[in-house]
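Residue-level structural notes
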Amino acid sequence: MKQKIVIQLSMSCDKSRSKALTLAARAAGVTSMGITGDGRDQLEVVGDGVDPVCLVSCLRKKLGHAQIIKVEEVKKPEEKKKEDPKPPAPMPVPVHPPPYFYPPSSYYPQQYPPHFCDEQPGNCRTM
């Protein structure tokens, strides 16, 4: 479950902001983080399976005052689902002509015209 955690910190200079970002980046499961708020005093962390209590206690040890403002679940945007209501066009089926097969010349047996002999068979057998 992806969640967004907003933490209020006592950050007065850029060095402490940089230190807060590096500490948040080292936490397990963090995918993105950033500095937000009017006074640039809030740390926004987005991640999967991030322990907010452990993260705040680590920030308190290194930076001083830290307080959880909100923890909320990040849902996937459903705009993409609404934009594509029509089904995709069906793919055209390729039509292939039938293959042409030319049988070899020895495929069909050669037929000779029938041989008729009007003569009486004699002693010669080579006819």
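Residues numbered from 1 in each chain as written. Predicted model: local features only at pLDDT ≥ 70, side-chain atom pairs only at ≥ 80, totals over all residues. Heavy atoms only, no water.

As named in an unreviewed UniProt entry, the protein is HMA domain-containing protein, taken from Triticum aestivum.

1. Description of the side chain of arginine 17
You can see arginine 17 is positioned in helix H1 (residues 14–26). Overall, the relative accessible area of 11% leaves arginine 17 in the buried class. (Helix = DSSP H or I, 4+ residues; strand = E, 2+ residues; numbered from the N terminus. Buried < 20%, exposed > 50% of the residue type's maximum accessible area, 1.4 Å probe, protein only.)

2. So, the pairing of strand E3 (residues 42–48)
Pairing between strand E1 (residues 2–9) and E3: seven bridges, direction antiparallel. Bridge pairing in E3 links isoleucine 7 to leucine 43. Pairing analysis gives six bridges linking strand E2 (residues 30–36) to E3, with the strands arranged antiparallel. Residue pairing in the sheet places serine 32 in a bridge with valine 46 of E3. Count of turn residues in the E2/E3 antiparallel hairpin: five residues, of which glycine 37 carries a positive phi of about 100°. (Pairing = 2+ DSSP bridges.)

3. Comments concerning the pattern of salt bridges
The tally for this structure, following the rule as stated, stands at four salt bridges. One salt bridge in this structure joins aspartate 14 and arginine 17, with 3.2 Å as the shortest N-O distance. Note that aspartate 14 and arginine 17 are positioned in helix H1 at a spacing of three residues, about one turn of the helix. The salt bridge involving aspartate 14 is made with arginine 40; its shortest N-O contact spans 3.9 Å. Highlighted residues: aspartate 14 in helix H1 and arginine 40 in the loop between E2 and E3, separated in sequence by 26 residues. One salt-bridge network, held together by shared partners, links Lys4, Glu44 and Glu72. (Salt bridge = Lys/Arg side-chain N within 4 Å of Asp/Glu carboxyl O.)

4. As for a positive patch on the surface
A cluster of basic residues, Lys15, Lys19, Arg26, Lys61 and Lys62, forms a positive patch at the surface. Elements that contribute at least two residues to the positive patch include exactly H1 and helix H2 (52–63). Here lysine 19 is to be found in helix H1. Since its relative accessible area comes to 40%, lysine 19 is described here as partly exposed. (Patch = residues over 30% accessible without salt bridge, like charges linked within 9 Å, V, L, I, M, F, W, Y side chains within 5 Å. Areas by Shrake-Rupley, 256 points an atom, 1.4 Å probe, with all protein chains shown as cover. Lys, Arg positive; Asp, Glu negative; His and termini not counted. Charge placed at Lys NZ, Arg CZ, Asp CG, Glu CD.)

5. Section: the sheet that holds E1
Adjacent strands of a sheet pair through backbone hydrogen bonds, lying either parallel or antiparallel. Read from one edge to the other, the open sheet built from four strands follows the order E2-E3-E1-E4, with strand pairing classed as antiparallel. In the strand order of this sheet, the two ends are held by E2 and strand E4 (66–73), each with one partner. Adjacent strand axes in the sheet meet at a mean angle of 20°, parallel and antiparallel pairs treated alike. The strands touched by H1 are E1, E2 and E3; relative to E2, the strand with the most contacts, the crossing angle is about 160°. Contacting E1, E3 and E4, H2 runs over the sheet at an angle of about 155° to E4. (Axes fitted to C-alpha atoms, helices over the stretch in contact; angles between N-to-C directions. Contact = heavy atoms within 4.5 Å.)

6. A short note on the side chain of serine 16
Structurally, serine 16 is set in helix H1. At a separation of 2.8 Å, a polar atom in the side chain of serine 16 contacts the main-chain carbonyl oxygen of cysteine 13. Residues within four places of serine 16 in sequence aside, it is in contact with Met11 and Leu63. (Polar contact = N/O pair within 3.5 Å; in protein donor to acceptor, adjacent residues only side chain to side chain.)

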